[in-house]
Amino acid sequence: MKTTATKPKLVNAVHTGNCLELMKDIPTGAIDFVLTDPPYMTAYRPRSGETVINDSDSGWFPPAVAELYRVLKDDSFCFMFYGWPVADVVVSAARSVGFRPVSHFSFIKKYSSYSGYSKAQHETAYLFAKGRPQKPSEPLSDVQPWSYTGNKLHPTEKPVSVLTPLVKSFSQPGEIILDPFCGSGSSLVAASLLQRQFIGMEIDPKHAATAQARLTAPRAA
């Protein structure tokens, strides 16, 4: 187990506010693994009509990635879901601060999120590396199954069952996982279930409260 290198009050808690400000309280190189699902910057509007803060703007993204790189330990991973229409923005911002894309994941859905020029039946994510992290002893396939949450807790809710293999593969028990766009807290629940420490940040007070409630429930789900 690695020593906690950040302020104790930050760990195992959900913090409400802009992550660009909140991450300033995290010392450089204190985080073992970043697992996050930032706004896709595509002005996504689900059937419910509920929108995601900052989803129609990309100006915040490069400085947020720079902070992620700063707080992440050397030779560690950042796993980031993203919207494919802004792949150039995501990769450009990541490379500009020193991240290397070392894998690309597709999560296959049995249903379509929407239908346009094609039916949208997958989610995408990049695995970025800071430095030269050790390869997992049993690497995951870069094509993974997806389960539907119903998006009852958040308009882009990620299933815990999809996130737990990522936590297990790219971090160790006791390490600190950061999600600066934690939404309803699925990544934090996955971290907790696998005996990892976590730091969650969420700009929307409603979703931050949902994440906190899931983590303080008798059994996280």
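Note: the structure precedes this text.
About the criteria used
- Residues numbered from 1 in each chain as written.
- Predicted model: local features only at pLDDT ≥ 70, side-chain atom pairs only at ≥ 80, totals over all residues.
- Heavy atoms only, no water.
- Helix = DSSP H or I, 4+ residues; strand = E, 2+ residues; numbered from the N terminus.
- Buried < 20%, exposed > 50% of the residue type's maximum accessible area, 1.4 Å probe, protein only.
- Contact = heavy atoms within 4.5 Å.
- Phe/Tyr/Trp six-rings, centres within 6.5 Å; stacked < 30°, edge-to-face > 60°.
- Lys NZ or Arg CZ within 6 Å of the ring centre and 35° of its normal.

1. Quick look at the environment of Thr16
Right, on to step 1. Within the secondary structure layout, Thr16 lies in strand 1 (residues 13-16).
Right, on to step 2. For Thr16, a relative accessible area of 45% corresponds to the partly exposed category.
Right, on to step 3. For Thr16, the residues in contact, after removing those within four places along its chain, are Leu22, Glu202, Ile203, Pro205 and Ala208.

2. A closer look at helix 5 (residues 186-193)
Residues that lie three or four places apart on an α-helix share one face, since the helix turns once every 3.6 residues.
Right, on to step 1. With respect to burial, helix 5 is a largely interior element, six of its eight residues being buried.
Right, on to step 2. Along helix 5, the residues that are buried comprise Ser186, Ser187, Leu188, Val189, Ala190 and Ala191.
Right, on to step 3. Residues of helix 5 that are buried in the fold lie against strand 1, strand 2 (31-36), helix 4 (160-170), strand 7 (176-179), strand 8 (197-202) and helix 6 (205-216).
Right, on to step 4. Count one or two residues on from helix 5 and you reach Gln195, which has phi positive near 60°.

3. Describing helix 4
Right, on to step 1. Most of helix 4 is tucked away: eight of the eleven residues are buried.
Right, on to step 2. Turning to helix 4, its buried residues number three or more, namely Val160, Val162, Leu163, Thr164, Leu166, Val167, Ser169 and Phe170.

4. Details of the packing of aromatic side chains
Right, on to step 1. According to the stated counting rule, one finds 17 aromatic pairs in the structure shown.
Right, on to step 2. On the basis of an interplanar angle of 55° and a centroid distance of 5.4 Å, the ring pair of Trp60 and Phe181 is categorised as tilted. One end of the pair, Trp60, is in the loop between strand 2 and helix 2 (61-71); the other, Phe181, is in the loop between strand 7 and helix 5, and 121 residues separate them in sequence.
Right, on to step 3. With a relative accessible area of 10%, Trp60 lands in the buried category.
Right, on to step 4. For Phe181, a relative accessible area of 14% corresponds to the buried category.
Right, on to step 5. The interplanar angle of 70° and the centroid separation of 5.5 Å between the aromatic rings of Phe79 and Phe81 together place this pair among those described as edge-to-face. Across this residue pair, the class does not change: Phe79 and Phe81 are buried.
Right, on to step 6. Taken together through their ring pairs, the aromatic side chains of Phe33, Phe77, Phe79, Phe81, Phe105, Phe107, Trp146 and Phe170 make up a single cluster.
Right, on to step 7. The aromatic ring of Tyr69 is capped on one face by Lys130, whose charged end is 4.6 Å from the ring centroid.

5. Some remarks on the environment of His207
Right, on to step 1. Along the chain, His207 turns up in helix 6.
Right, on to step 2. Look at His207 and you get buried, because its relative accessible area is 4%.
Right, on to step 3. A sequence separation of 22 residues divides His207 from Gly185, and the C-alpha atoms of the two residues are 8.1 Å apart.

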